[in-house]
Amino acid sequence: AFERDTYEGDIILAKSSEPLVDRTAGDTRYETAAAVSEAYFAAGADSVVLCTGENYPDALAAAPWARFLKAPVLLTRRTAVPESVMNEIDRLGAQNVWIIGGETAVSSSVQTQLQTAGLTVNRELQGADRYATSARIANFLYDALAADGRPFSNMAFVARGDSFADALSVAPVAAATYSPILLVRTQAPLPPAIDDVFEFLPI
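Residues numbered from 1 in each chain as written. Predicted model: local features only at pLDDT ≥ 70, side-chain atom pairs only at ≥ 80, totals over all residues. Heavy atoms only, no water.

A. Layout of the environment of Leu114. Tracing the backbone shows Leu114 in helix H5 (residues 108-116). On the basis of relative accessibility, which here comes to 0%, the residue Leu114 falls in the buried class. When the C-alpha positions of Leu114 and Ala80 are compared, they lie 9.4 Å apart, and in sequence the two are 34 residues distant. The residues touching Leu114, leaving out its near neighbours within four places in the chain, are Leu50, Val81, Met86, Ile89, Val97, Ile99, Leu119 and Val121. (Helix = DSSP H or I, 4+ residues; strand = E, 2+ residues; numbered from the N terminus. Buried < 20%, exposed > 50% of the residue type's maximum accessible area, 1.4 Å probe, protein only. Contact = heavy atoms within 4.5 Å.)

Encoded structure:
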């Protein structure tokens, strides 16, 4: 193991005891997401980021936004929030739910369910498709950092939007640096919404 030191260089640490191996899991992807939230947000959270569990792009692009909010990413079915997820939102004490993606990903019935439970729902982070949604998140993240008096990283991570592996691998790094994940097609040209991000944000 090593500890990074920006002044003196990396410091090599002595070998430690056998590593602890733990598993966080549920019977479904929805229950697993709730279990991860419970494990790593034991003290609760003001907000949650809610994405469809039936496809991957929105949840991956949302990682930096969730980091900014200090919020877990939870998954939902398209037409209803599973009971395990509603229970986790209640346990967190969250009052705000950011739904990622349009109604083809997360339907209006989900919004109604959440509002009926007394939660404030925000649906600003959506676009016409996965590419436009990732662009919308990038713009929102930039504005939120500026409003909070924090610098923008001037970086973006670009990954293909038709397969999950690359965006999944980079999501923790992007979140750690508050840098957007922009989804693109594997061939040029760039989707128009992504092209606009590169034109208007200082990347």
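Let's pick the thread back up.
B. Quick look at the sheet that holds strand E5 (residues 96-99). Reading across the sheet, the four strands line up as E4-E3-E5-E6 and stay open at both edges, with parallel pairing between neighbours. Lying at the two open borders of the sheet, with one neighbouring strand each, are strand E4 (73-76) and strand E6 (120-122). Averaged over all adjacent pairs, the angle separating strand axes in this sheet is 30°, with direction ignored. Here four bridges tie strand E3 (residues 47-52) to E5, and the two strands are oriented parallel to one another. Looking at the pairing, Val49 lines up with Trp98 of E5. Packed on one face of the sheet, helix H4 (residues 83-92) meets E3 and E4 and runs near 150° to E4. (Pairing = 2+ DSSP bridges. Axes fitted to C-alpha atoms, helices over the stretch in contact; angles between N-to-C directions.)

C. Seen up close, H4. When H4 is considered as a whole, its buried residues turn out to be Val85, Met86, Glu88, Ile89 and Leu92. Viewed along the axis of H4, the buried residues span an arc of 160°, placing them on a single side of the element. Of the exposed residues in H4, the ones pointing more than 90 degrees away from its buried face are Glu83 and Asp90. Buried residues in H4 make contact with helix H1 (29-40), E3, E4 and H5. (Arc of directions from axis to C-beta.)

D. A nonpolar patch on the surface, seen in detail. Where nonpolar side chains cluster on the molecular surface, the patch consists of Val158, Leu190, Phe198 and Ile203 and spans about 300 Å² of accessible area. Along the chain, the position of Ile203 falls in the segment after helix H8 (192-200). (Patch = residues over 30% accessible without salt bridge, like charges linked within 9 Å, V, L, I, M, F, W, Y side chains within 5 Å. Areas by Shrake-Rupley, 256 points an atom, 1.4 Å probe, with all protein chains shown as cover. Salt bridge = Lys/Arg side-chain N within 4 Å of Asp/Glu carboxyl O.)

E. Region of the structure containing the nonpolar core. One finds Val49, Leu50, Trp65, Ile89, Ile99 and Leu114 to be the most contacted residues of the largest nonpolar core, which totals 40 residues. Not counting residues within four places of it along the chain, the set of residues in contact with Ile89 comprises Val48, Leu74, Ala94, Leu114 and Leu119. Ranked by size, the runner-up nonpolar core spans 18 residues in total, among them Tyr131, Ala135, Ala171 and Leu201. (Core = buried A, V, L, I, M, F, W, Y, C linked by side-chain atoms within 4.5 Å.)

F. Fine view of the side chain of Glu88. Positionally, Glu88 belongs in helix H4. According to the relative accessible area criterion, Glu88 is buried, its value standing at 4%. A distance of 2.7 Å separates a polar atom in the side chain of Glu88 from a polar atom in the side chain of Ser37. Aside from chain neighbours lying at most four places away, what touches Glu88 is Ala34, Ser37, Glu38 and Leu74. (Polar contact = N/O pair within 3.5 Å; in protein donor to acceptor, adjacent residues only side chain to side chain.)

G. Main features of the packing of H1 against H4. Running from N to C, H1 and H4 cross one another at 15°; their axes reach a closest spacing of 9 Å. Here H4 runs roughly parallel to H1, going by the angle between their axes. For the element pair H1 and H4, the recorded crossing hand is left-handed. Each of Tyr30, Glu31, Ala34, Ser37 and Glu38 in H1 lies in contact with H4, whose residues at this interface are Ser84, Val85, Glu88, Arg91 and Leu92. (Parallel < 35°, antiparallel > 145°, perpendicular 65-115°, else oblique. Left-handed = near helix turned anticlockwise from the far one by under 90°.)

H. Spotlight on unusual backbone geometry. Looking along the chain, the bond that leaves Ala188 and enters Pro189 is cis, with omega of 5°. Residue position: Pro189 is located in the loop between strand E8 (181-184) and H8. Despite not being glycine, Tyr178 has its phi angle at roughly 50°, a positive value. By the element assignment, Tyr178 lies in the loop between helix H7 (165-176) and E8.

I. Region of interest: the packing of aromatic side chains. Scanning the entire structure with this criterion turns up six aromatic pairs. Their ring planes at 15° and their centres at 5.3 Å tell us that Trp65 and Phe68 sit as a pair that is stacked. Note that Trp65 and Phe68 are positioned in helix H3 (residues 63-69) at a spacing of three residues, about one turn of the helix. Centre to centre, the rings of Trp65 and Trp98 are 5.1 Å apart; their planes meet at 75°, and the pair counts as edge-to-face. Pair noted here: Trp65 is in helix H3 and Trp98 is in strand E5, with a separation of 33 residues, a long-range link. Here the two residues Trp65 and Trp98 agree in accessibility, since each one is buried. Taken together, Trp65, Phe68, Trp98 and Phe140 form an aromatic cluster joined through their ring pairs. Stacked on the ring of Tyr178, the Lys or Arg Arg150 has its end atom at 5.1 Å from the ring centre. The ring of Tyr131 is capped by Arg185, whose NZ or CZ atom sits 4.8 Å from the centre of that ring. (Phe/Tyr/Trp six-rings, centres within 6.5 Å; stacked < 30°, edge-to-face > 60°. Lys NZ or Arg CZ within 6 Å of the ring centre and 35° of its normal.)

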